[in-house]
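Now for the letters of each chain:
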Amino acid sequence: MKRFLVFTAILAMACIGFAGTANADSITIDGVLFTGAVTSTTVTVTVQCLNAGCVNWAIADISLKGFTFTGDPTDIVVPAGYAVQNGGQNNGQSTECNSTQDGKAVCWNTSSFLPLGSGVNTFQAGITDGAGTSDLLHVQTVIFSDSTGAGRITGV
């Protein structure tokens, strides 16, 4: 029994050591919850409408900033019509992914609008050598009143 406990303790320490650190932040704006998380191998953004008033709202391109990585990100989980790319957005000029901040931001690009609905919308990409910085994570997108993009509610 003692050997089993020692083996279990060593295995637990090894798992913790290989897991790496994770960086995660959340923010709620106008009833929409945005959560970003980064590990050494993945970057994830989830978007969820928390009240009935926003289920028909929509977003287009979305990015996560505030970390570093190497290489080009690869899609793991994305809503239909989205594709990941290296770099972020410059919402002062446009809401589109435009490759600003290569290696410091990941952007999911689409030519349509994603209705938020009542579930959780997950955007996840594979990265290499991901690491958090001393700053918080930053999600960037624009929330529209419907899936046509006609009425802008707010920028995040």
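The rules behind these values
- Residues numbered from 1 in each chain as written.
- Predicted model: local features only at pLDDT ≥ 70, side-chain atom pairs only at ≥ 80, totals over all residues.
- Heavy atoms only, no water.
- Helix = DSSP H or I, 4+ residues; strand = E, 2+ residues; numbered from the N terminus.
- Buried < 20%, exposed > 50% of the residue type's maximum accessible area, 1.4 Å probe, protein only.
- Contact = heavy atoms within 4.5 Å.
- Areas by Shrake-Rupley, 256 points an atom, 1.4 Å probe, with all protein chains shown as cover.
- Phe/Tyr/Trp six-rings, centres within 6.5 Å; stacked < 30°, edge-to-face > 60°.
- Pairing = 2+ DSSP bridges.
- Axes fitted to C-alpha atoms, helices over the stretch in contact; angles between N-to-C directions.
- Disulfide = S-S within 2.5 Å.

Please clarify how the overall build of the protein should be interpreted in this entry.
Looking only at helices and strands, the protein features one helix and 15 strands. Within the span of the protein, comprising 156 residues, buried residues form 37% of the whole. The contacts of the protein with a sequence gap of at least 6 include a subset with a gap of at least 24, amounting to 65%. Only carbon and sulfur atoms are counted for the fraction: they give 57% of the accessible area of the protein, which is about 8,200 Å².

Just to check I follow, could you spell out the packing of aromatic side chains for this structure?
Using the criterion set out here, one finds four aromatic pairs in the structure. Ring geometry for F113 versus F144: centroids 5.1 Å apart, planes at 80 degrees, classification edge-to-face. In this pair, F113 sits in the loop between β10 (105-109) and β11 (114-115) while F144 sits in strand β14 (residues 142-144), placing the two residues 31 residues apart along the sequence. One aromatic cluster in this structure is built from Y82, W108 and F123.

Would you mind going over the sheet that holds strand β4 (residues 58-59) with me for this structure?
For sheets, the rule is that strands pair by backbone hydrogen bonds, running either parallel or antiparallel. Read across the open sheet, the four strands follow the order β11-β4-β14-β15; overall the sheet is antiparallel. In the strand order of this sheet, the two ends are held by β11 and β15 (152-155), each with one partner. For β4 and β11, the ladder comprises two bridges, and the chain directions are antiparallel. Counterpart to A58 in the pairing with β11 is P115.

For this particular structure, what's the right way to read the sheet that holds strand β1 (residues 23-29)?
The sheet built from five strands is open, its strands ordered β1-β2-β3-β12-β6 with antiparallel pairing. Among the strands making up the open sheet, the edge pair consists of β1 and β6 (67-77). Strand-to-strand, the axes of this sheet are offset by a mean angle of 20 degrees, without reference to chain direction. Pairing of strand β2 (residues 32-38) with strand β3 (residues 42-49) involves seven bridges; the strand directions are antiparallel.

What am I meant to see in the state of the cysteines here?
As used in these notes, a disulfide is a covalent bond between sulfur atoms, one from each of two cysteines. Inspection of every chain in the model, using the stated rule, returns two disulfides. The side chain of C49 participates in a disulfide bridge whose partner is C54; the two sulfur atoms lie 1.9 Å from each other. Judged by the sign of its S-S torsion, about 105 degrees, the bond between C49 and C54 is right-handed. The same class applies to C49 as to C54, namely buried. Within the protein, bonded cysteines paired by disulfides and numbered along the sequence follow the pattern 1-2, 3-4.

How do you make sense of the environment of C49 when you look at a structure like this?
By the secondary structure assignment, C49 is in strand β3. Accessibility expressed as a relative area gives 6% for C49, which makes it buried. Discounting residues that sit within four places of it in the chain, C49 has contacts with G31, C54, V55, L116, G117 and G119.

Explanation requested: the environment of N56 in the structure shown.
Assignment of secondary structure puts N56 in the loop between β3 and β4. Along the sequence, N56 and S147 sit 91 residues apart, while their C-alpha atoms lie 7.4 Å from each other. Every residue in contact with N56, bar those within four places of it in the chain, is listed here: S145, D146 and S147.

Explain the pairing of strand β7 (residues 83-86) to me, please; I cannot follow it from the model alone.
Regular strands show a simple pattern: their side chains alternate between the two faces of the sheet. Residues V84 and N86 line the buried face of β7, whereas the alternating positions A83 and Q85 sit on a face that is not buried. Inspection of the sheet shows β7 paired to β10 by four bridges, in the antiparallel sense. Bridge pairing links Q85 to C107 in β10.

None of this, on its own, says anything about what the molecule does.
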